[in-house]
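So the chains spell out like this:
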Amino acid sequence: MTNNALPVGADLRGWLDHLQATGRLSAARPGADLRFELPGIASRLDGDRAVLFGKPGGKDITVVSGLLSRREWMAEALGVAETELIDRFQQACQDPVPWTEVEHAPCQEEVIREVDLGSLPVPTHNEHDHGPYITAGLLIARNPATGSQNVSIHRLQVSGPDRLGVLLLPRHTAAFFGQAEAAGTDLEVAIAIGVDPLTLMSSQAAVPIDHDELEIAGALRGSPLPVTKAVTNEVRVPADAEIVLEGRLLADVREPEGPFGEFPQYYGPRADRHVVRVDAMTHRRDPIYHTVVGGGLEHLLLGCIPREGSFLAHLRQNFQCVRAVHLPRGGVCRYHLHVQVSDPEPGEVKNLILAALGAHYDIKHVTVVDSDVDVFDPNEVEWAVATRFQADRDLVLVGGAQGSRLDPSTTDGVGAKMGLDATIPLVDDEDRFTRIRVPGAEDIDLERAVAPAPADWQSAR
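What you are looking at is a predicted structure, and each value in this text was computed from that prediction instead of being measured. (Residues numbered from 1 in each chain as written. Predicted model: local features only at pLDDT ≥ 70, side-chain atom pairs only at ≥ 80, totals over all residues. Heavy atoms only, no water.)

When helices and strands are tallied, the protein shows 12 helices and 24 strands. Taking 23 Å as the expected radius of gyration for a compact globule of 461 residues, we find that the protein reaches 24 Å, a close match to that expectation. Projected onto its principal axes, the C-alpha coordinates of the protein cover approximately 75 × 60 × 45 Å. In the protein, which comprises 461 residues, the proportion classed as buried is 52%. When contacts within the protein are restricted to residue pairs at least 6 apart in sequence, those whose partners lie at least 24 apart make up 71%. As displayed, the protein has an accessible area near 20,600 Å², and 49% of this comes from carbon and sulfur atoms. Each charge class in the protein was averaged separately, 42 positive and 67 negative side chains, and the resulting centres sit 3 Å apart. (Helix = DSSP H or I, 4+ residues; strand = E, 2+ residues; numbered from the N terminus. Rg over C-alpha atoms; globule rule 2.2 N^0.38 Å. Buried < 20%, exposed > 50% of the residue type's maximum accessible area, 1.4 Å probe, protein only. Contact = heavy atoms within 4.5 Å. Areas by Shrake-Rupley, 256 points an atom, 1.4 Å probe, with all protein chains shown as cover. Lys, Arg positive; Asp, Glu negative; His and termini not counted. Charge placed at Lys NZ, Arg CZ, Asp CG, Glu CD.)

Have a look at this one:
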């Protein structure tokens, strides 16, 4: 793929043009209230249409929400069929494309050194949120030892004109910050708001530390992602981002943050957490601010699809029987993992379950099914559990494991994990597990075979 044939999702404004041309972009009346009204409209249209909000709360910056709130939209942004989405993403994780650095970037058309975050149209999303939160900002940090970057999305509480409260979960940004704080220094960061859909998706890849997600964005594009050096620090940011906040995670500083409505559909509690001091803000002329409603479809799917691709790549490295994976919405697209396999070796599914549970601390329950079961259909998976699973034989239980701190059923992030082997057990009588079917039913042309019953339906007898 060349620069002349980038996927439609490689450019934010181009993606908005595409959504508008296909009837999936709405415009709210100007001046929507940033407190609840804007998120309320966005949540009502989540999964149906993206929404533009002009002059929300009297601010001059336009807000957009709902960019990627359906699986098929993500595939469309990538230029692939929905059935190819996960394979395409896991391919990008395995074969990243290094970014290219440019000197003059659209994201730095305007540079503001006297920062006032109150100038941004930051909504208050859910009922008990502490206040305005930046929810779609890509936080980019550099490993202080190697210079390699990490990209992730964190909830960012607007705590003052140049201050953000941030929840750092035990992943790569937290590891980088731990190194810097141990050395008595702050960690340089940048927060990119309003990036193209492919870069947004790549930020959620579950890859090993020191793997720069901006290189995954390049692989999804089929060409290097243009980046530029931040004005006040060494972080490289997407050159075409709408808004960039440059700053530092402050060493030895913790301040109250939360509550905030999270993806499990509960509130993350208030506690003393990390702080970002913002040193500068840069943006395009007439920028667009992207917000994601906490706990909405866009929030869930942004973490779901990239993780499915990452988990598929991880499991296939050691288990050739793996065919597909799915993080169902009923498991908040994080906690439940369904895995489809074909002809596993005796005992292999148990090993696979343990590997899947260890792929990411968020994974709480793993269900493995055979290739005749549609892993994307929760009814099919439940049927497999109902008819092929016996708890005393097929259950894997691990206690005292690291889980998600946002799961309210854990004890400070420590809880139990469970695996269900819902594949056909080894039996002498395999006919017991032959699925019923009506031969040829799927080939019948219903438009030719069936018509509406006449008003005098008895005449059709």
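Having seen the model, we can carry on.
To continue, consider empty space enclosed by the protein. Overall, the coordinates contain 4 cavities of 30 Å³ or more when judged by the stated rule. The space that makes up the largest cavity amounts to roughly 650 Å³. Taken together, 33 residues make up the lining of the largest cavity; nearest its centre are Ile153, His154, Leu169, Gln204 and Arg307. At the level of secondary structure, the elements contributing two or more residues to the lining of the largest cavity comprise β8 (149-153), α5 (172-182) and α8 (297-316). For the lining of the largest cavity, the class distribution of residues is 13 nonpolar, 13 polar and 7 charged. Residue-level mapping places the lining of the largest cavity at the junction of two domains, with at least three residues from each of domain 1 (69-285) and domain 2 (318-421). Roughly 80 Å³ of volume is contained in the second largest cavity. (1 Å grid on protein atoms, 1.4 Å probe; cavity = no way out; pocket = protein on both sides within 12 Å on 5 of 7 lines; lining within 4 Å. Points joined across faces, edges and corners; volume = space filled by probe spheres on them. Nonpolar A, V, L, I, M, F, W, Y, C, P; charged D, E, K, R; others polar. Domains from an automatic or database assignment.)

Next up on the list: the layout of surface pockets. Size it by volume and the largest pocket reaches roughly 550 Å³. Taken together, 23 residues form the lining of the largest pocket, with Pro344, Thr423, Ile424, Pro425 and Leu426 sitting closest to its centre. Every element with two or more residues in the lining of the largest pocket is listed here: α9 (348-357) and α11 (391-394). Among the residues forming the lining of the largest pocket, the class breakdown is 8 nonpolar, 5 polar and 10 charged. Taken as a whole, the second largest pocket encloses approximately 460 Å³ of empty space. What lines the second largest pocket is a set of 22 residues, and nearest its centre among them are Arg71, Glu82, Leu301, His326 and Phe376. Secondary structure elements with two or more residues in the lining of the second largest pocket: α3 (71-78), α4 (85-94), α8 and β20 (322-326). With 5 residues, the top contributor of residues to the lining of the second largest pocket is α8. Here the residues of the lining of the second largest pocket are counted per class, giving 11 nonpolar, 3 polar and 8 charged.

In the UniProt entry, the feature "domain: 3-octaprenyl-4-hydroxybenzoate carboxy-lyase-like C-terminal" (unreviewed entry) is given for residues 302-422. Overall, residues 302-422 shows 33% helix and 27% strand. The separation of its end C-alpha atoms is 28 Å. (UniProt positions renumbered as here; feature names shortened; annotations may be inferred.)

By a widely used convention, the size of an interface equals the accessible area lost when the partners come together. Domains assigned within the protein are domain 1 (69-285) and domain 2 (318-421). Domain 1 puts 12 residues into the contact, and the matching count from domain 2 is 12 residues. There are 0 salt bridges connecting domain 1 and domain 2. Taken together, domain 1 and domain 2 are joined by 0 residue pairs in polar contact (both at pLDDT 80 or more). (Salt bridge = Lys/Arg side-chain N within 4 Å of Asp/Glu carboxyl O. Polar contact = N/O pair within 3.5 Å; in protein donor to acceptor, adjacent residues only side chain to side chain.)

The subject of this paragraph is the nonpolar core. Judged by nonpolar contacts, the single largest core of 80 residues is most densely connected at Leu68, Val322, Leu337, Val339 and Val366. It is α8 that provides the largest number of residues to this core, a total of 8 residues. Formed jointly, this core draws a minimum of three residues from each of two domains, domain 1 (69-285) and domain 2 (318-421). Setting aside residues no more than four positions away along its own chain, Val366 makes contact with Leu337, Val339, Ile353, Ala356, Leu357, Met418, Gly419 and Leu420. Among the nonpolar cores identified, the runner-up in size contains 36 residues, and Leu120, Phe176, Ala180 and Val189 belong to it. (Core = buried A, V, L, I, M, F, W, Y, C linked by side-chain atoms within 4.5 Å.)

Moving on, we come to the environment of Arg221. Of note, Arg221 is situated in helix α7 (residues 213-221). When the C-alpha atoms of Arg221 and Leu78 are compared, they prove to be 7.7 Å apart, with 143 residues separating the residues in sequence.

α3 sits mainly inside the fold: 6 of its 8 residues count as buried. When α3 is considered as a whole, its buried residues turn out to be Arg71, Trp73, Met74, Ala75, Ala77 and Leu78. Immediately downstream of α3, the backbone of Gly79 shows phi near 80 degrees, a positive value.

With that settled, the discussion passes to the pattern of salt bridges. All chains considered together, the criterion is met by 31 salt bridges. Of the charged contacts, one joins Arg284 and Glu242 as a salt bridge, the two residues approaching to 3.9 Å between their closest N and O atoms. Taken together, the residues span a long stretch of sequence, with Arg284 in the loop between β18 (271-283) and β19 (288-290) and Glu242 in the loop between β13 (236-238) and β14 (243-249) at a distance of 42 residues. Close ionic contact of Asp394 with Arg393 constitutes a salt bridge, the shortest N to O distance being 2.8 Å. For Asp394, a relative accessible area of 5% corresponds to the buried category. Beyond isolated ion pairs, a larger network of salt bridges with shared partners links Asp370, Asp372, Glu380, Arg388 and Arg435.

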